[in-house]
Every structure is written in C-alpha cells, then in structure tokens.
Amino acid sequence: MRALEGRLGIRLLDRTTRSLSPTSAGEQLLLRLRPALASVEDMLAELDQARDRPMGRVRINAHRPAAVHVVLPRRRRWRSATRR
C-alpha cells in the first residue's frame, strides 16, 4: 500500500499504532475499484472450476477388437460424464 501511495502521491490509509482506516481518497479509490475487484474474483472462481475439469487429449493405442468392444464404449461414457 505504501508503494501505491508513493506512486499516486497521496495517502490512502490513515495509520496509527492501533488502527488502520481509509482516507477519503482511499474510500474513493475503493469505490471505483470494487467492480474491477469483483470481476477479478469471478474470473479466479472460473479458473478454480476449470482446474477440476479434465482437459487435453487422450491417445489410446489398441487393437481393433479391443478398441471397438472395450475402449469406445467407455470413451462415450467418459465424455458424457465429463461434459459440463
């Protein structure tokens, strides 16, 4: 915060040994930034959900009878289970 205050050339927080409170400039900045912060939080939540979703390509080499009778039926079930 001190680096941001230095860059802006204005105090954003009033600091004492026992408390911390925003200045009027700090309150104005927070009011203007609140929508952007909410957007960042939303995006982080989306990324968090994407992390739990399987992604990428799976390659399986199998003889034709094994592919037809074992791999393909399971592939269809796996794909329908992982689509959201």
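Student: Tell me about the overall build of the protein chain, residues and numbers included.
Tutor: The helix and strand inventory of the protein chain stands at 3 helices and 2 strands. When the helices and strands of the protein chain are read in sequence order from the N terminus, they spell out α-β-β-α-α. Here the protein chain has a C-alpha radius of gyration of 26 Å; the compact-globule value for 84 residues is 12 Å, and the former is much larger. Every one of the 84 residues in the protein chain was classed for burial, and the buried ones make up 7%. The long-range fraction of contacts in the protein chain, counting pairs at least 24 apart against all pairs at least 6 apart in sequence, stands at 14%. Once the 19 positive and 8 negative side-chain charges of the protein chain are each reduced to a mean point, those two points are 17 Å apart.

Student: I'd love a proper account of the pattern of salt bridges, names of residues and values included.
Tutor: Pairing between side chains becomes possible if they bear opposite charge and their charged atoms approach one another. The final tally for this structure, using the stated rule, is 2 salt bridges. In this structure, the salt-bridge partner of Arg11 is Asp14, at a minimum N-O distance of 2.4 Å. Overall, the relative accessible area of 53% leaves Arg11 in the exposed class. Note on Asp14: relative accessible area 29%, which makes it partly exposed.

Student: Let's hear about helix α2 (residues 24–51): which residues, and what values?
Tutor: Residues that lie three or four places apart on an α-helix share one face, since the helix turns once every 3.6 residues. Counted at 1.5 Å a residue, the expected span for α2 with its 28 residues is 40 Å, and the 40 Å between its end C-alpha atoms agrees. Of all the bends in α2, the greatest reaches close to 45° and is centred on Leu33; the proline Pro35 follows between one and four positions later.

Student: How would you explain the side chain of Glu5 if you had to name every residue and give the values?
Tutor: Along the chain, Glu5 turns up in helix α1 (residues 2–8). A polar atom in the side chain of Glu5 sits 3.0 Å from the backbone nitrogen of Leu13.

Student: Would you mind going over the layout of surface pockets in detail, with residue names and values included?
Tutor: When its volume is computed, the largest pocket comes out at roughly 250 Å³. What lines the largest pocket is Gly56, Arg57, Val58, Arg59, Ile60, Val71, Arg75, Trp78 and Arg79. Residue composition of the lining of the largest pocket, grouped by class: 4 nonpolar, 1 polar and 4 charged.

Student: An account of the environment of Glu41 is requested, with residue identities and associated values reported.
Tutor: Structurally, Glu41 is set in helix α2. Residues Glu41 and Leu72, spaced 31 residues apart in sequence, show a C-alpha to C-alpha distance of 39 Å.

Student: Talk me through the side chain of Thr23; I want residue IDs and the actual numbers.
Tutor: Relative to the elements of secondary structure, Thr23 occurs in the loop between β2 (20–22) and α2. Here Thr23 falls in the buried class, since its relative accessible area comes to 11%. Here the side chain of Thr23 touches Arg11 through a polar contact of 2.9 Å, landing on its backbone oxygen.

Basis of the calculations
Here the residue numbers are simple positions, counted from 1 along each chain's written sequence. pLDDT decides what is reported in this predicted model: residues at 70 or higher carry local features, side-chain atom pairs at 80 or more are listed and counted, and totals for whole chains, interfaces and linings draw on all residues regardless. Side-chain metrics in this entry use all non-hydrogen atoms of the structure; hydrogen atoms and water are not considered. By definition, any uninterrupted DSSP run of H or I lasting at least four residues is a helix, any uninterrupted run of E lasting at least two residues is a strand, and each is numbered from the N terminus. This radius of gyration counts C-alpha atoms alone. The globule rule is 2.2 Å times how many residues there are, raised to the power 0.38. When accessible area is computed with a 1.4 Å probe and restricted to protein chains, residues below 20% of their type maximum are described as buried, those above 50% as exposed, and intermediate ones as partly exposed. Note on contacts: a residue pair is in contact if any heavy atoms of the two residues lie within 4.5 Å. For this count, His and the chain ends are skipped, Lys and Arg are scored as positive, and Asp and Glu as negative. One atom stands in for each charge, and that atom is NZ of Lys, CZ of Arg, CG of Asp or CD of Glu. Salt bridge criterion: a side-chain nitrogen from Lys or Arg within 4 Å of a carboxyl oxygen from Asp or Glu. In a helix, the anticipated span is given by 1.5 Å times the number of residues less one. One fitted axis covers the seven residues ending at a residue, a second covers the seven starting there, and the bend at that residue is the angle between these axes. Whenever a nitrogen or oxygen atom comes within 3.5 Å of another N or O atom, the pair is scored as a polar contact, on the condition that within protein one atom can donate a hydrogen and the other can accept it, and that pairs from neighbouring residues in sequence are kept only if both atoms are in side chains. Using protein atoms alone on a 1 Å grid, points that fit a 1.4 Å probe yet trap it form a cavity, whereas open point sets bounded by protein on both sides within 12 Å along at least five of seven lines form a pocket; residues with an atom within 4 Å of a point count as lining. Grid points are joined across faces, edges and corners, and a volume is the space filled by probe spheres set on the points. When residues are sorted by character, Ala, Val, Leu, Ile, Met, Phe, Trp, Tyr, Cys and Pro go into the nonpolar class, Asp, Glu, Lys and Arg into the charged class, and all the rest, Gly among them, into the polar class.

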